[in-house]
Every structure is written in C-alpha cells, then in structure tokens.
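Report on the structure
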Amino acid sequence: MSSMIVIACASLGAIVLGAGLGVMLEPWAPAWDVPAAEPEPEQEPEFDVRADLDDEAWDAPRDLPNALVAAELEAERYVAVGNAPGRRAAAADGVAPVPEAPREEGLLGTITDARLGGEDRDAFYLAVDANRRAESGTAGARFSSLRTTAGVDHRASYGVAQLTIRDHLFHLSRLTDAQLAEIGIGRLEIGLMQRRGEALGAWYEIVVERRAASDTASRAGLDAAQVRDAQTLAASGDRRALIARHGRRFAGSTGLPAEALAELADTLVLRRREVRDAFLRRYERDHGIGFDRASREGARMTTTARAIARERPDVQRVLERFGGGDAGAVSLAHYLGVGDVAENYYGWYARAAAESVGRVRYARVLEIADPISSRLRELSNFEHALAAVIGVRDLAGIERARMLARIGRCFHGAPGRARDAFFFDGDPRRPRATSAAELEAGIQEYRLGRQWSDERVQRAFDELAAERGLLP
C-alpha cells in the first residue's frame, strides 16, 4: 500500500480447492450482468476523496509509455511456440542450473506441488526466500508499522507478506472442511469474523468514505435516510448525537460497543483538506523542505505531527488513538502527508473480527492463516512472472530464476501496474517480452514515477545464490 508498508490490494478471485489442491481465479462477470451502481453523493469540498484510495487503486491499470521494443505479433508467436511449464533447461556452459528444492511437507507443499513443477517449482522456492529477506518484516513480523484509528492493537496487516485481515479470512474460507480440521480452525468462526468485519467495513464506507450505495447501507443495516443522517452527524463532529441515533444499530451489526462509532468517525479528520494542507505547510516551515511521500524522516514527521495535534483537539484525539509516542506521531504524519488513509479500513475490519471470537483466539487463527494465505499470494505472483517470461529465449537457469523473483516482486507491490508493464492490455496470455532486455525494460516501465524498486529483492537473491554457491 503506502511506501511504509506493502499490502496486497490486488483483487482476489476464488480458490477452487479439490482434494486439497488450489487454483487462483480472477473474478469475472459479463458487463451486462453487473448491476449499475447507484450514484453516490458528491463529496463535500472539505474532504479529500483521494485519501480513501490505497496505492493499488492509484496504480490501477492505465496508459504508460511503452518502453519495450517487441511487436505484439512477435510476442504472440513466441507464446505459441512457448516453453512448456516445468521443463528443466539443460545446463549449458556458463549457465548455473537452479538447485532442486526438497519437497515441502504439509498443506503448503500440497498446494505448491499442485501448481508448479520441475525447475519452475525450484525457482519459486528461491524467489520466496529472496522475497522474505527483502521484506521489512521477518519471520517474526506480525503487524504493519502504521497505527489506525481502530486502536493500537488493530493494524491493517498480519504476517510476513503483510496481507490484510480480510484476505487471510478469504483464503481460509476457501479451504475444504478436511483442511480446516487439519489446521484446527472452524468454518463457523471464520464466517463470524467475516460477517462482523464486512459489517464494520460498510459502516466505515458510509461514515468515513461517505458512500451511500444501497448494498453498503444494507450491510450496515441502514436505510437511505439513516445513511444521510449518520454522515451529517459524523461530518459535523456531533459525537453524542451520532451515538444516540445510530450507536445501537452499529453495535448490533458489528459487535463493537456503540461508543466505537464515534471513534470510527474520528478518522474523518485525516481526510480534511484544510488539515492536510496545514500539515504540509507546517512541515515545510519547520524543516525548510517540502514533505516527500516516500519520507522516512521520522524525527521531522514526528515534530510536525505533534505541532498540528497541539493546535487541533480532533487531531490530538486521533494521535491518542494511535497510542501517542513516536510511532503514533509518525503514523499521523504519514496519513496527513501522503493522503492515503485506506489502512484504517482494514484496521477497523480487524477490530471487529478480533472481538467476534476473542483476542487470543483471533491471534491464533491468524498465526495459522498467515503461511497459507501468504503462500497462495506468492504462488499467484510467481505464476504471473512465469507468464511474463514464457516467450523469452535468452534466459536460463539461475538467471531466469532471478528474473522471475524480480518480476514476482513487481506483482507483490502493485499488481495492476505490473500487468500493464508486462502484458498487452494487462492480459497474462499476451506477454510483451521476447528477450531478457525487454523484461528489464518492463521492470523499468513499472518503476516509472515510483519510489519502490526491486533492488532489495535482487540483493537478497544474490546473497542466497552466493551462499549456496550458485553464482560466480
């Protein structure tokens, strides 16, 4: 998502699992079968609509300058000839082969072996190791670095892959009953966490994002008039009236206390244009430079965030929700400076899910879910990378594995943008590249205008290869 955290925001399809085997499918419906969305009310000028968007929404497929030299027909011709998936390239002079990876035990091994074979499977395990070394978190990571208005204990993500709570539960819900029994999780508790989380998500969309579509109102248990009233009260800051009129419905659908509705509404201050503008002006005045969206200047961010909080009680209240301290101040500065508050949606989803089954049980469920959903995401990213290199003839062995790790990292960061960079019309069946140089051009196209790069995963891969004697 933001520059401080990598979150998977790609759209997830169904996982069809038969006899324990999984396949990721993109959701699809004919255009004529999709009901037209109800027109949403115009946003009030004081709120910044872009603050509701995470990086993946900002990075949705769009026109990019084509830095590749391959013609479309030539790429399609190579695909037609194609490399058979899983075929092990013969070792040649100067080409280090990919070492065979031992079979992985348990559910993760079963899922992986069902989707990859041969050298592709071996390259996948190298890419997984490199990606985990490159992550900001390690095997002990549990949460993202950003605090949310849901409270200090309710952050957006959980696990090495920094997946959202919603995605973890989605993956668990697609496992068979036998697989759930094997890992000790009940389908009923997954369903309860999802229902409470989705209800809370609907309230967030109404109160914070100021949406009013009928399906959103229905999930929150409100009619159109009640939606308008809740939005008006939240925007005005009338916390007492908001709780009095809508707290009981909020508590009934989400399982949270009625007072949490006012805490949810506090998120609105992070979207107010005048507050964001005041932060940016104050930052430049304090430090003599403009705020950089990719900033890691924690001390500067903390200084300006606390100054704004001292001037505004509503901002101070949010800082306290973040737990205060330097971590809370940096989170506040990030939201006001970057203008991306989408983390808070997932924080509130997490809070509803956690309180539906109890904090201890919730933590245990997600500890179990993390490796499963992380693996399914890693497989999806790697399979997109395989589709991107299928027509390339001048890559083999360990160098091909290295390129796959780098391209998979692109899909990890911003899937929509990566599809645009490596495929014609974003279609994995139509890769752009027919050479290693063209793949490199695709990576550079992906990086245009972005602070993110794949340098960390390259270094991590090279370290692994050197440790295992795979590169000179």
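Look a little higher up for the structure.
As the structure is a computational prediction, the values presented were derived from the model and not from experiment. (Residues numbered from 1 in each chain as written. Predicted model: local features only at pLDDT ≥ 70, side-chain atom pairs only at ≥ 80, totals over all residues. Heavy atoms only, no water.)

1. What about the overall build of the chain?
For the record, the criterion: Under the DSSP-based scheme used, a helix requires at least four consecutive residues in state H or I and a strand at least two consecutive residues in state E, with every element numbered from the N terminus. When a residue's accessible area, from a 1.4 Å probe over protein chains only, is under 20% of the maximum for its type it is buried; when over 50% it is exposed; and in between it is partly exposed. Here the Shrake-Rupley method, with its probe set to 1.4 Å, supplies the accessible areas, and only the displayed protein chains count as covering residues.
On a plain count of helices and strands, the chain comes out with 21 helices and zero strands. Sorting the 472 residues of the chain into buried and exposed places 57% on the buried side. With an accessible surface of roughly 20,300 Å², the chain has 52% of that area assigned to carbon and sulfur atoms.

2. As for the pattern of salt bridges
Two side chains carrying opposite charge are able to pair once their charged atoms lie near each other. Formally: Salt-bridge detection follows one rule: a side-chain nitrogen of Lys or Arg within 4 Å of a carboxyl oxygen of Asp or Glu.
If you walk through the whole model with that rule in mind, you get 33 salt bridges. With its nearest N and O atoms 2.8 Å apart, the salt bridge here joins Arg-406 to Glu-440. With Arg-406 in helix 18 (residues 397-413) and Glu-440 in helix 20 (residues 436-447), this pair connects stretches of sequence that are 34 residues apart. In this structure Arg-406 comes out as buried when scored by relative accessible area, which is 5%.

3. Topic: the packing of helix 18 against helix 21 (residues 455-467)
Stated formally: Between the N-to-C directions of two axes lies an angle of 0 to 180 degrees, each axis being a line fitted to C-alpha atoms and, for a helix, fitted only over the stretch in contact. Roughly parallel means an angle under 35 degrees; roughly antiparallel, over 145; roughly perpendicular, 65 to 115; everything else is oblique. A clockwise turn of the near helix away from the far one marks a right-handed crossing, whereas an anticlockwise turn of less than a right angle marks a left-handed crossing. The contact criterion used throughout is that any non-hydrogen atoms of two residues lie within 4.5 Å.
Two elements in contact, helix 18 and helix 21, have axes whose closest approach is 9 Å; the angle formed by their N-to-C orientations is 150°. Relative to helix 21, the element helix 18 lies roughly antiparallel. Seen along the crossing, helix 18 lies across helix 21 with a hand that is right-handed. Counting all contacts with helix 18, which are made through Ile-398, Ala-401, Arg-402, Ala-405, Arg-406 and Arg-409, the residues of helix 21 involved are Arg-456, Val-457, Gln-458, Phe-461 and Asp-462.

4. Description of the nonpolar core
Basically, it comes down to this: Take the buried Ala, Val, Leu, Ile, Met, Phe, Trp, Tyr and Cys residues and link them wherever side-chain atoms come within 4.5 Å; each set so joined is a nonpolar core.
Ranked by size, the top nonpolar core spans 121 residues in total, and within it Leu-172, Ile-407 and Phe-422 carry the most contacts. Top element by residues in this core is helix 17 (residues 359-389). It accounts for 14 residues. Contacts of Leu-172, omitting those with residues within four sequence positions, involve Leu-180, Ile-183, Ile-185, Ile-190, Val-365, Ala-369 and Ile-372.

5. What to know about unusual backbone geometry
With a phi angle near 60°, Arg-210 is a residue other than glycine that sits in the positive phi range. A relative accessible area of 8% places Arg-210 in the buried class. Look at Asp-425: it is not a glycine, yet its phi comes out positive at around 55°. Secondary-structure assignment places Asp-425 in the loop between helix 19 (415-422) and helix 20.

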